Number of protein chains: 4
Amino acid sequence: MTNTIPPVDAATEIENRKADHLRVCLEEDVQFRDVTSGFEYYRFTHCCLPELDRSDINIQTTFLGKNLGAPLLISSMTGGTELARLVNTRLATVAQHYRLAMGIGSQRIALEMPHLASTFAVRHLAPDILLFANLGAVQLNYGCGLVECLQLVDMLAADALILHLNPLQECVQSHGDTNFRGLLPKIAELCEKLPVPVVVKEVGNGISAAMAQKLIDVGVTAIDVAGAGGTSWAKVESERAKDNKQRRLGQTFADWGLPTAECITEIRAVAPTIPLIASGGLRNGLDVAKAIALGADLAGLARPFLEAAVNSETAVDELVEVLIAELETVLFCTDNVTLQELKNSGVLQRHVTVPAAAS
Amino acid sequence: MTNTIPPVDAATEIENRKADHLRVCLEEDVQFRDVTSGFEYYRFTHCCLPELDRSDINIQTTFLGKNLGAPLLISSMTGGTELARLVNTRLATVAQHYRLAMGIGSQRIALEMPHLASTFAVRHLAPDILLFANLGAVQLNYGCGLVECLQLVDMLAADALILHLNPLQECVQSHGDTNFRGLLPKIAELCEKLPVPVVVKEVGNGISAAMAQKLIDVGVTAIDVAGAGGTSWAKVESERAKDNKQRRLGQTFADWGLPTAECITEIRAVAPTIPLIASGGLRNGLDVAKAIALGADLAGLARPFLEAAVNSETAVDELVEVLIAELETVLFCTDNVTLQELKNSGVLQRHVTVPAAAS
Amino acid sequence: MTNTIPPVDAATEIENRKADHLRVCLEEDVQFRDVTSGFEYYRFTHCCLPELDRSDINIQTTFLGKNLGAPLLISSMTGGTELARLVNTRLATVAQHYRLAMGIGSQRIALEMPHLASTFAVRHLAPDILLFANLGAVQLNYGCGLVECLQLVDMLAADALILHLNPLQECVQSHGDTNFRGLLPKIAELCEKLPVPVVVKEVGNGISAAMAQKLIDVGVTAIDVAGAGGTSWAKVESERAKDNKQRRLGQTFADWGLPTAECITEIRAVAPTIPLIASGGLRNGLDVAKAIALGADLAGLARPFLEAAVNSETAVDELVEVLIAELETVLFCTDNVTLQELKNSGVLQRHVTVPAAAS
Amino acid sequence: MTNTIPPVDAATEIENRKADHLRVCLEEDVQFRDVTSGFEYYRFTHCCLPELDRSDINIQTTFLGKNLGAPLLISSMTGGTELARLVNTRLATVAQHYRLAMGIGSQRIALEMPHLASTFAVRHLAPDILLFANLGAVQLNYGCGLVECLQLVDMLAADALILHLNPLQECVQSHGDTNFRGLLPKIAELCEKLPVPVVVKEVGNGISAAMAQKLIDVGVTAIDVAGAGGTSWAKVESERAKDNKQRRLGQTFADWGLPTAECITEIRAVAPTIPLIASGGLRNGLDVAKAIALGADLAGLARPFLEAAVNSETAVDELVEVLIAELETVLFCTDNVTLQELKNSGVLQRHVTVPAAAS
Ligand SMILES: Cc1cc2nc3c(=O)[nH]c(=O)nc-3n(C[C@H](O)[C@H](O)[C@H](O)COP(=O)(O)O)c2cc1C
Ligand SMILES: Cc1cc2nc3c(=O)[nH]c(=O)nc-3n(C[C@H](O)[C@H](O)[C@H](O)COP(=O)(O)O)c2cc1C
Ligand SMILES: Cc1cc2nc3c(=O)[nH]c(=O)nc-3n(C[C@H](O)[C@H](O)[C@H](O)COP(=O)(O)O)c2cc1C
Ligand SMILES: Cc1cc2nc3c(=O)[nH]c(=O)nc-3n(C[C@H](O)[C@H](O)[C@H](O)COP(=O)(O)O)c2cc1C
């Protein structure tokens, strides 16, 4: 850590921000306005006579070398507050039960205030899951380096480190960290030196194929598109704005970004084998199935898991149950036994005409 | 019948389910949400000077060798309860009057509880109509074989047996019968050995051209596409759900399936001569006319007939009257005397632009 | 007149129908539901620097050899009742003032009840206008022949006879005249023997290019497409229905027909010189200008004139004033001095994309 | 000045009109109805990893030889009344602070009533900005010539003269000046003889590529498309109508014109280097960025500045602040440092499919 680490007051500001984010995401309308994830343009071809027993269906998979009970990721969200601790606890417990992948929120606050580390550290609750550490990539320009990243990974006994890219979010909040210069070589160095894989994600505005290629070229192991159509961070920051300017700025960019489905198809076209996560606006197992049929290996959801976790552990469990049931229903009604079969089956069709209900 | 036949309690459960289905279909919104039958994309070319007398128009037809007064099928719906008996009685009486085709609901319950057979058996009321027995094809994996199918046909003095395919419905209900493995050869055997023709239908999610071809290849005599856009069985099962999971599962798949109009055009492209029934979302004689112009031989309606039949026999009669008047009006205003002429006339056009009213 | 003329009771029924039509058209929503005239798909290319003085603009034209002050037709509507007399009087007075073309409603009733002729006869009020007699073409199968048509023309001192084609309207009313067999040769005969030109129109469902060609081939002098998108006669008849069947029949066919703009472009493609009237759903001078730019020679409006005429003569006058001002504004803002220039200017563009406001 | 200058009464009428315009624009819905500026069809490709520091971004530019702090024009609006003086004062003060370009309303009234000149003259408040004089081009046919234009420029110490073209506005108001004959040669003469550059703009109905070419050919230095999609002058004039005719005329033409985005792309295709201003319906810095990415050099806003200025100088300041922040956010999130880079980057994509939210 260098002297660019913010002083205690700033840290408290981060703590407030974390609390704010949870509150706003739970209470306000923070969904993209008109732009959608793009999955609704796709429709599966129904198979009325699947030649299988539903109980044969197998949605297990592996990602970054770990076995998963389902191709589901609980996306990076929180830490640093007591509510965050509760949320992370409930999510981790259920993740362990179903062997899901899981991320936690940006750990920067825990670098600055080490006593908060325990609000992130869920490994003891989920010894077997694929667990991701998390840091804003831009922090590599604000005092975080290899040493700090190692700390973050250790704090969690994480299997990998997620670096999130959030230029829009930094722009629409006041005093955001907006020096993004020279990050790519720093990411390259991390990829080389960190003992665990580095995953890069957005936070809801998407990653283009061109950028995915650049990231792969510098050694990133996996990509999570975190595209447009779900939680809009511009809207979140608009809701917590302290002045008109920030409020309007957030509204203007409420719909900014690349829809999740587009990111997946475009990245898959240039990088057929990179481990790829679809997230941003996935809301049920039908979206999950579409993401996978389009080429994703894992499907991440953030806000739906937050809402369930704030409610109860049972709610999280039920959410996973239904996501799995929905995904299996798609497999069954398209006559596919495994996720791999689904990917190769060609049963997902793009339909461009607007449904007539629009008229 | 083998020992896989469910015990009495289960049978009672089926009885309740039958009653539930009627109630839900009558009281709740069980129509597809955004997906439509697809008929609204088509428009007839109006002929302002038909060279005919409306009284010359003749909508009689034959199907599976039987003469019909109109190309209308009262789709398979019910049986097993007293309300079902009433419904079937009214429908059969009117069907006889107009010489329509008619199906009844799945007869499995009557195999298990023979005293309920009389709620299905309407032949005495409709000696001359084309009458279809009905069974879920998946039951061929749950204890029903040739012997039972013969029983079903005899119970009704049916002209043919309809096997319905409903993988989605089985998935979205709790404890559905979801072992669909190996059904095709069993259907093949039935086609070969049963003394009456075998018809295969869906229940509202549609049959693809590829599957239609497979079914024809194993000997099926006719196909009823029962496509998407009308009654959504996912929604029906969602409405009668006992837990959140089933409720949400049904909602997620509310719009699943292949629109009826698409099924008709796609199946006709690969199978120009197979006797073909259009059903799923047809709501008036204009839809009936479009289905026929697209290549169907018969047009089936379920829920509209249910609503009328629960009301009164007169209501059923009026419904048929208006369907016929609507169909004849189309023939008149497109200058066609017979259904065959309508099919060959090229007066139905697909219009892809969204009506300007949408703007 | 032959003995097929209906007896007095039936005539009274016609009288009631005439009154009903006015009432329903004035009080109920009788506009097409989703189908529009199609003019909204077209947009003029604005000219910000017209090289002309607005006072140079000249919208005079000639039709069937008569000079018109503007390319406007008050479409055929009414007669036979006292209200009709008032309406016709006001319309004729204004038509004379601006030298517009004008039609009156079907005169059959006046054949049956000669004392009603005066409710149609407006020539004394409008000595110089282009005035059209009117009869349903189907009446040529119900007792009207050359003799009767001559009577109709004489009754009005009409310049031409309009025969209207209305197969849908006849179908959706109870006891409609639906024997349309063999009308074409009878129209041919009229064209040959009648001393005035014969014009054929629809009543709101449009005339196809193929039919226009047939009509031209038998000698019709001019065509009025009277297309879909304005007053829906199916809806009118539905509103005055006496039973459920007729009510629903009308609703089912509320949107039946060929949009007016399509009729114009398609007929012009096959018949570049036939005198052509656009009507059906034109509601302002911008629609009038589009109709003319698409190839029509005259533009007819019915319901808007009815509403104005029921109000006052001044209201009719104001309507004509504004229609002319709107038409001249289009000419001015597209830099055209005459209607002929407008037709040749290529300033009307079809834009297929749905306005973004739809999103 | 010649004797065609209107007498005092008429001048008072102009004064009232000026006041009316402000009131109507502030209080009524004067936005285009369905037609939009067209910018919503375009979407930027998000760059999740810009290789720059936001503080490096530089949105300065030059236009007609003057340096501007941002590519923003406060469009020509007002003058002649006390409220106008206040508005112009506030706008000019902020324009000076950020070095924006600024226009004022048509100065004809100040020719007629010289004591009103001071309500326009803002140069003392904004010594360094690019300042535009303003006159309706049609006035060249109503008594204004080179001498008067010089007076207008001098009155303001303007850097250039804007001639606005408004044939529709003149048509939809009563007693509009509608003799547009022979203006082009007069504009040519002005371009030749006036010591400052001549800019031509519309007032919200757009300039076509063909007309832009003509204007360039006669020597116009710059063009402001002032296209459709923002303030609709037809609606403004409709709101202040004194009779039904004018009211309806304005409504009929509420959506007339060429959308701003179309004007920009089409003019740029034929005139790659002409200094080009986008205005008409731009409402935030995202629109500004799109206009520039499509090829405009400057982006003008009228009504948003009016609303702010009537409120307070601080409101105008805040509006400029947020416009700049929005524009810089686009540059940052598309990885561009300068406006020139943005233009060449190809990061703006047209997306033709209707957003799925429409369904
Ligand atoms: C409350 C909340 C906090 C988040 N915090 C982080 C974070 O710290 N790091 C990160 O990479 N993404 C964070 N995200 C973004 C999510 O991981 C995800 O990319 C985004 O919300 C889109 O997914 P969704 O539409 O399913 O919510 C957060 C999301 C939410 C809802
Ligand atoms: C109350 C009800 C019960 C049904 N039961 C059966 C059944 O037992 N067997 C069957 O093949 N289809 C059954 N169906 C499905 C219909 O036959 C038909 O395929 C479907 O409802 C779509 O038609 P619709 O949109 O006209 O209702 C039933 C439909 C309804 C409304
Ligand atoms: C009240 C009323 C009565 C009409 N009666 C006749 C008629 O007798 N003969 C006829 O040819 N058309 C008749 N029409 C049809 C009109 O001439 C016209 O074709 C149709 O209404 C479409 O025009 P619109 O949309 O401007 O109303 C009538 C229309 C109305 C509104
Ligand atoms: C109140 C008001 C007065 C205007 N007066 C003039 C004017 O005198 N001269 C001119 O060239 N344009 C005038 N305009 C037009 C604007 O300059 C601009 O072209 C048009 O309003 C479209 O921009 P907007 O959508 O941002 O309002 C005026 C606009 C407004 C709102």
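Residues numbered from 1 in each chain as written. Chains lettered and ligands numbered in written order. Predicted model: local features only at pLDDT ≥ 70, side-chain atom pairs only at ≥ 80, totals over all residues. Heavy atoms only, no water.

In the annotation of an unreviewed UniProt entry, chain A is listed under the name Isopentenyl-diphosphate delta-isomerase and assigned to Brasilonema bromeliae SPC951. The record held by UniProt for chain A lists under Subunit (unreviewed entry) the comment "Homooctamer. Dimer of tetramers." Database annotation for chain A, UniProt heading Subcellular location (unreviewed entry): "Cytoplasm". (UniProt positions renumbered as here; feature names shortened; annotations may be inferred.)

## Examining the relation of the copies chain A and chain B
Least-squares fitting of chain A to chain B yields an RMSD of 0.0 Å, with the superposition described by an axial translation of 0.1 Å and a rotation of 90°. Taken together, the rotation and translation relating the two chain copies correspond to the operation of a four-fold axis. Little of the interface of chain A is mirrored in chain B: 8% of its interface residues are interface residues there too. (Least-squares fit on C-alpha atoms with pLDDT ≥ 70 in both. Contact = heavy atoms within 4.5 Å.)

## Points about the site of ligand 1
All names here are of chain A. Near ligand 1 there are 23 residues, and of these Ser76, Ser106, Lys201, Thr231 and Gly281 occur at the shortest range. A distance of 3.0 Å separates a nitrogen atom of ligand 1 from a polar backbone atom of methionine 77. Backbone polar atom of alanine 302 to an oxygen atom of ligand 1: 2.9 Å apart, as the coordinates give it. Contact with the protein chains covers 97% of the free accessible surface of ligand 1, which is 600 Å². (Near = heavy atom within 4 Å. Polar contact = N/O pair within 3.5 Å; in protein donor to acceptor, adjacent residues only side chain to side chain. Areas by Shrake-Rupley, 256 points an atom, 1.4 Å probe, with all protein chains shown as cover.)

## A few points about the UniProt feature "domain: FMN-dependent dehydrogenase" (unreviewed entry) in chain A
Taking the UniProt record as the reference, the feature "domain: FMN-dependent dehydrogenase" (unreviewed entry) is found at residues 185-345 of chain A. Annotated as residues 185-345 of chain A, this span is 57% helix and 9% strand, and its ends, taken at the C-alpha atoms, are 39 Å apart. (Helix = DSSP H or I, 4+ residues; strand = E, 2+ residues; numbered from the N terminus.)

## A word on the site of ligand 4
All names here are of chain D. In the vicinity of ligand 4 there are 22 residues, among which Ser76, Ser106, Lys201, Thr231 and Arg283 approach most closely. One of the backbone nitrogen or oxygen atoms of serine 76 is found 2.8 Å away from an oxygen atom of ligand 4. The contact in question runs from an oxygen atom of ligand 4 to an N or O atom on the side chain of arginine 283, over 2.9 Å. Protein coverage of the free-state accessible area of ligand 4, which is 600 Å², stands at 96%. When residues of the shell around ligand 4 are traced back to their parent elements, those giving at least two are helix H1 (8-27) and helix H12 (303-311). Counted by class, the shell around ligand 4 contains nine nonpolar, 10 polar and three charged residues. (Nonpolar A, V, L, I, M, F, W, Y, C, P; charged D, E, K, R; others polar.)

## Thoughts on the UniProt feature "binding site: Mg(2+)" (unreviewed entry) in chain A
Residue and element names in this part refer to chain A. If you check UniProt for "binding site: Mg(2+)" (unreviewed entry), the listed places come out as Glu170 in our numbering. The topology assignment puts glutamate 170 in helix H5 (residues 167-172). Its relative accessible area of 8% is what places glutamate 170 among the buried residues. Setting aside its immediate chain neighbours within four residues, glutamate 170 contacts Val138, Gly176, Asp177, Thr178 and Phe180. (Buried < 20%, exposed > 50% of the residue type's maximum accessible area, 1.4 Å probe, protein only.)

## Digging into the interface of chain A and chain B
Taken together, the contacts link 36 residues of chain A with 37 residues of chain B. Considering only the surface of chain A that becomes buried against chain B, A:His46, A:Cys48 and A:Leu49 emerge as the three largest contributors, covering 23% of it. Taken together, the connections running from chain A to chain B amount to five salt bridges. Salt-bridge contacts for A:Glu326 lead to B:Arg248; the nearest nitrogen and oxygen are separated by 3.0 Å. Where chain A packs against chain B, one counts 12 residue pairs in polar contact (both at pLDDT 80 or more). Looking at the side of chain A that touches chain B, the elements that each hand over two or more residues are strand E1 (42-44), helix H11 (285-293) and helix H13 (313-333) of chain A. Looking at the side of chain A that touches chain B, the element that brings in the most residues is H13(A), giving 11 residues. Here the residues of the side of chain A that touches chain B are counted per class, giving 19 nonpolar, eight polar and nine charged. (Buried area = accessible area lost by both parts, 1.4 Å probe. Salt bridge = Lys/Arg side-chain N within 4 Å of Asp/Glu carboxyl O.)

## Remarks on the pairing of strand E11 (residues 298-301) of chain A
All names here are of chain A. A two-sided burial pattern is seen for E11, the buried positions comprising Leu298 and Gly300 on one face and Ala299 and Leu301 on the other. For strand E4 (residues 72-74) and E11, the ladder comprises three bridges, and the chain directions are parallel. When the bridges of E11 are listed, leucine 72 appears paired with alanine 299. Chirality of the crossover, the property in question, places the unit of strand E10 (residues 276-279), H11 and E11 among those that are right-handed. (Pairing = 2+ DSSP bridges. Right-handed = clockwise from strand over helix to strand, strands pointing away.)

## Examining helix H10 (residues 260-270) of chain B
Note: α-helices contain 3.6 residues per turn, so residues at a spacing of three or four share the same orientation. All names here are of chain B. What H10 keeps buried is the set Thr260, Ala261, Cys263, Ile264, Ile267 and Arg268. For H10, the angular spread of buried residues about the axis comes to 160°, placing them on one side. Buried positions along H10 lie against strand E1 (42-44), helix H7 (209-217), strand E9 (222-224), strand E10 (276-279) and helix H11 (285-293). (Arc of directions from axis to C-beta.)

## Notes on the arrangement of the chains
In this assembly chain A lies apart from chain C, the nearest approach of their C-alpha atoms being 7 Å. At their nearest point, the C-alpha atoms of chain B and chain D are still 7 Å apart, with no contact between the two.

## With respect to the packing of aromatic side chains
The final tally for this structure, using the stated rule, is 12 aromatic pairs over all chains. An aromatic cluster is built from A:Phe44, B:Phe253 and B:Trp256, whose rings are joined through pairwise contacts. In this arrangement the basic side chain of B:Arg350 is found over the ring face of B:Tyr41, its NZ or CZ atom lying 4.8 Å from the centre. (Phe/Tyr/Trp six-rings, centres within 6.5 Å; stacked < 30°, edge-to-face > 60°. Lys NZ or Arg CZ within 6 Å of the ring centre and 35° of its normal.)

## Digging into the environment of D:Thr338
Residues and elements named next belong to chain D. For threonine 338, the position within the fold is in the loop between helix H13 (313-333) and helix H14 (339-344). Distance in space between the C-alpha atoms of threonine 338 and alanine 293 is 11 Å, their sequence separation being 45 residues. Other than its neighbours up to four places away in sequence, threonine 338 contacts Asn58 and Leu331. Side-chain polar atoms of threonine 338 contact the backbone nitrogen of glutamate 341, separated by 3.1 Å.

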